[in-house]
2 protein chains.
Amino acid sequence: MQNVAGLIATGDKLKLISLIAAAGVPAIQATSFAQPKWVPQMADAAEIASALDRFQDVCFSALAPNLKGYQRAVAAGLRRVDFVLSASASFNRKNLNASIAESLEMLAEVTQGAKRDGVDLRVDISTSFHCPFEGRVTAEAVVRVVRAVHQCGVERVALDDTDGMAFPDQVQNAVAAIRDQLGLEPNSLILHLHDTYGRGLVNAAAALEEGVRAFDASTGGLGGCPFSPGSSGNLATEDLVALLEGLDYSTGVDQEKLLDAAEFAVRLSSRPYQGHLLRVRRPLALLPPAGTRMTEQGSDLICP
Amino acid sequence: MQNVAGLIATGDKLKLISLIAAAGVPAIQATSFAQPKWVPQMADAAEIASALDRFQDVCFSALAPNLKGYQRAVAAGLRRVDFVLSASASFNRKNLNASIAESLEMLAEVTQGAKRDGVDLRVDISTSFHCPFEGRVTAEAVVRVVRAVHQCGVERVALDDTDGMAFPDQVQNAVAAIRDQLGLEPNSLILHLHDTYGRGLVNAAAALEEGVRAFDASTGGLGGCPFSPGSSGNLATEDLVALLEGLDYSTGVDQEKLLDAAEFAVRLSSRPYQGHLLRVRRPLALLPPAGTRMTEQGSDLICP
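Computed from a predicted model, the values in this text were never measured in an experiment.

Asker: Just to check I follow, could you spell out the overall build of chain A for this structure?
Answerer: Each helix and strand counted, chain A has ten helices and nine strands in total. Over its C-alpha trace chain A gives a radius of gyration of 20 Å, about what one expects of a compact globule, namely 19 Å for 304 residues. Judged by the C-alpha coordinates and their principal axes, chain A covers about 70 × 40 × 35 Å. Sorting the 304 residues of chain A into buried and exposed places 52% on the buried side. For chain A, long-range pairs separated by at least 24 residues make up 67% of all intrachain contacts whose partners lie at least 6 apart in sequence.

Asker: Help me understand helix H1 (residues 10-22) of chain A, please; the structure alone is not making it clear to me.
Answerer: Along an α-helix, a turn takes 3.6 residues, which lines up residues three or four apart on a common side. Residue and element names in this part refer to chain A. The end-to-end C-alpha separation of H1 is 18 Å, in line with the 18 Å expected for 13 residues at 1.5 Å each. The set of residues buried in H1 consists of Lys13, Leu16, Ile17, Leu19, Ile20 and Ala21. On the buried face of H1, the contacting elements are strand E1 (27-32), helix H2 (45-50) and helix H10 (255-268). Once H1 ends, the next one or two residues include Gly24, with phi positive near 95°.

Asker: What am I meant to see in the sheet that holds strand E4 (residues 120-126) of chain B here?
Answerer: Hydrogen bonds between backbone groups are what pair the strands of a sheet, and the pairing can be parallel or antiparallel. All names here are of chain B. Taking strand neighbours across the sheet as the criterion, the seven strands line up as E1-E2-E3-E4-E7-E8-E9 in an open arrangement whose pairing is parallel. Bordering the open sheet on either side are strand E1 (27-32) and strand E9 (214-216), each of which pairs with just one other strand. Geometrically, the sheet is characterised by an average inter-axis angle of 30° between neighbouring strands, direction not taken into account. Sheet analysis places strand E8 (residues 189-192) next to E9, joined by three bridges and oriented parallel.

Asker: Quick question: what am I supposed to make of the sheet that holds strand E7 (residues 156-160) of chain A here?
Answerer: All names here are of chain A. Strand order across the open sheet formed by seven strands is E1-E2-E3-E4-E7-E8-E9, with parallel pairing between neighbours. In the strand order of this sheet, the two ends are held by E1 and strand E9 (214-216), each with one partner. This sheet shows a mean twist of 30° between the axes of neighbouring strands, independent of strand direction. When strand E3 (residues 80-86) meets strand E4 (residues 120-126), the two strands line up parallel, connected through seven bridges. What sits directly across from Leu85, in E4, is Ile125. Where helix H4 (residues 89-96) meets the sheet, it contacts E3 and E4, and its direction lies at approximately 125° from that of E3.

Asker: How should I be thinking about helix H8 (residues 200-210) of chain A in this particular structure?
Answerer: Burial within H8 of chain A is extensive, with nine of its eleven residues counted as buried. Residues Gly200, Leu201, Val202, Asn203, Ala204, Ala205, Ala206, Ala207 and Glu210 of chain A constitute the buried set of H8 of chain A.

Asker: What is the right way to look at the packing of helix H6 (residues 139-151) of chain A against helix H7 (residues 168-182) of chain A in this model?
Answerer: Between two packed helices, both the angle of their axes relative to each other and the distance between the axes serve to describe the pair. All names here are of chain A. Between H6 and H7, the shortest axis-to-axis distance is 9 Å and the interhelical angle comes to 45°. Here H6 lies oblique to H7, going by the angle between them. Considering how the two elements wind past one another, H6 and H7 form a crossing that is right-handed. Across the interface between the two elements, Ala139, Val142, Val143, Val146, Arg147 and His150 of H6 pack against Asn173, Ala174, Ala177, Ile178, Gln181 and Leu182 of H7.

Asker: How should I be thinking about the environment of Pro168 of chain B in this particular structure?
Answerer: Looking at the secondary structure, you find Pro168 of chain B in helix H7 (residues 168-182). With 25 C-beta atoms counted inside 10 Å, the residue Pro168 of chain B sits in the buried group. Separated by 39 residues in sequence, Pro168 of chain B and Ala207 of chain B place their C-alpha atoms 7.6 Å apart. Leaving out residues up to four positions away in the same chain, Pro168 of chain B has contacts with Ala205 of chain A together with Val202, Asn203 and Ala206 of chain B.

Asker: Would you mind going over the pairing of E4 of chain B with me for this structure?
Answerer: Looking down a regular strand, the side chains alternate between one sheet face and the other. Residue and element names in this part refer to chain B. Of all seven residues making up E4, six are buried, and the element is well covered by its neighbours. As judged from the four bridges shared by E4 and strand E7 (residues 156-160), these two strands associate in the parallel manner. Following the sheet pairing, Val123 is matched in E7 by Val157.

Asker: Teacher, can you tell me more about the confidence of the model for chain A here?
Answerer: Low-pLDDT stretches of the model should not have their predicted coordinates read in fine detail. All names here are of chain A. Per-residue pLDDT for chain A has a mean of 91; in total, 91% of the residues score no lower than 70. Every residue in residues 283-300 is under pLDDT 50, and counting partners more than four places away or in other chains gives 32 contacts. The ipTM, which scores confidence in the relative placement of chains, is 0.90 for this predicted complex, and the corresponding pTM is 0.92.

Asker: What exactly am I supposed to notice about unusual backbone geometry here?
Answerer: One can expect most non-glycine residues to show negative phi and most peptide bonds to be in trans. Residue and element names in this part refer to chain A. In this model, Asn97 sits at a positive phi of 55°, which is unusual for a non-glycine residue. Structurally, Asn97 can be placed in the loop between H4 and helix H5 (100-117). If you check the backbone angles, Asp248 has positive phi at about 70° while not being a glycine.

Asker: Looking at this structure, how should I read the environment of Val143 of chain B?
Answerer: Residues and elements named next belong to chain B. The residue Val143 is located in helix H6 (residues 139-151) in this model. Residues Val143 and Ala174 lie 31 residues apart in sequence; the distance between their C-alpha atoms is 7.4 Å. Filtering out sequence-adjacent residues up to four positions away, Val143 remains in contact with Ala177, Ile178, Gln181 and Leu182.

Asker: Explanation requested: the environment of Glu109 of chain B in the structure shown.
Answerer: Assignment of secondary structure puts Glu109 of chain B in helix H5 (residues 100-117). Remark: the alpha-carbon pair of Glu109 of chain B and Lys37 of chain B, spanning 72 residues in sequence, is separated by 24 Å.

Criteria and thresholds
- Residues numbered from 1 in each chain as written.
- Chains lettered and ligands numbered in written order.
- Predicted model: local features only at pLDDT ≥ 70, side-chain atom pairs only at ≥ 80, totals over all residues.
- Helix = DSSP H or I, 4+ residues; strand = E, 2+ residues; numbered from the N terminus.
- Rg over C-alpha atoms; globule rule 2.2 N^0.38 Å.
- Buried ≥ 20, exposed ≤ 12 C-beta atoms within 10 Å, placed from the backbone.
- Contact = placed C-beta atoms within 7 Å.
- Expected span 1.5 Å × (residues − 1).
- Pairing = 2+ DSSP bridges.
- Axes fitted to C-alpha atoms, helices over the stretch in contact; angles between N-to-C directions.
- Parallel < 35°, antiparallel > 145°, perpendicular 65-115°, else oblique.
- Left-handed = near helix turned anticlockwise from the far one by under 90°.
- pLDDT = per-residue confidence, 0-100.

Below you can see the structure in the form of structure tokens.
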């Protein structure tokens, strides 16, 4: 939501969360404890967090970019926090105003706090495959950062395709390298997907093949990277769920209810829908529309 | 183009063809010899065909739904014709006003004509994976139709994901079944991709893995199936080329020139751009735009 122009009312955010929860999505990153001065959209993070008790059977988390954010998240009652740092030095600097080493030092403090507080910590490695400033990120660079994060005692690591430039062979190589060199099993990893170049699903399928079973997506395809304005955002959850269910993976998500949530999300957003499923929601019974030349009597219109 | 509301000037169609050719796309289906009464957009098919001589190094073809269309294509000077029939009886009836058996009889006539005329014939099997009326199409059903087509003496067969509902495992199963049961090698097949549900690229990658090396896509993502109005159209050629080149396949296509062609195609179209690459065309040097909170000084804005 930080990409949406204009503040979204807290009530609307909670309404969206309730729709996503009602669809059966198992885990929701509900807000971000970024500094309100920089990200005014997230100024209501504590209010959101304190309203999550009403939803059953959902694992809620919040993003925290630093120790302060972590502390605010925990004070607001959250038991799961997503910390973030980058596999690319330039991006870590621009995104977090810190070197990777400084972010890792901060992570050590956060990890201690999480152990003390009984908080379940996850670490997102942004630009795991490509950096808008440095170009392609090698599997070696990702392994290096994941090793450092793992040595901090963090078990749950997400590989984030921040600018959507990942290719499926890179995803598979990174997952395999992490397994082979660090002993972290693919089914303990999370893949955070963007659809900037339409490659969200192909990267998901590549990771599935390699044994990854947890994916981040965004209902209605909101989000995205401000370095690619106008482009598609995060991978749309509804597109991902349709692929997974079609491949006979059971997601536990009700696709019709998820499309309800996606419709609401898009109404809150400041831009046209960027996913796919919602565009074909109208039932087949209503089709084809007036003007379509395909008739009961048949025609020469060819649809290869 | 048959999906575009309003007639496109013949000169604009030729301009688009010239831009696609200039980008180095090796093969272009330039028009369709459908009945002008049903598809007025294609009434200039012969005029288009007769203007193609000026382009070098491109294999031009036209769609022909029946013997009459085939004859008109050849009379207009084309040496490659794409015939079409369906793997689904209902779709063949609605799309072509014929049973599959009747389409196969017509194909036999067309095949004889092509042998006599020295014309290179390809056959598209529409709804190879899913039919809007009958649901999922089995690999067995596709094999049955491909066998009949092959027995007519046709070597080049395209599997068409007409409504974009294919899943990557289906694509792999169909390609493997055709290889195993009919002895047709995957690299002799063509996969015709739609992006209705955003699965064009994941299906392409699945087919690549199985050995398919020829793909149909549409510059700017034009096209699509009238049974899914408002949805994404054919897979955008620019999205496909970006994936292939990123995976180190050499397409021979100049991506910048292809984006020029895509921009022109979208201007001719009656709907917003449905692909991905064009949305991120602006060079990184111009980014981030005003209002983005990611600064040189760093910030708390987090882009996972």
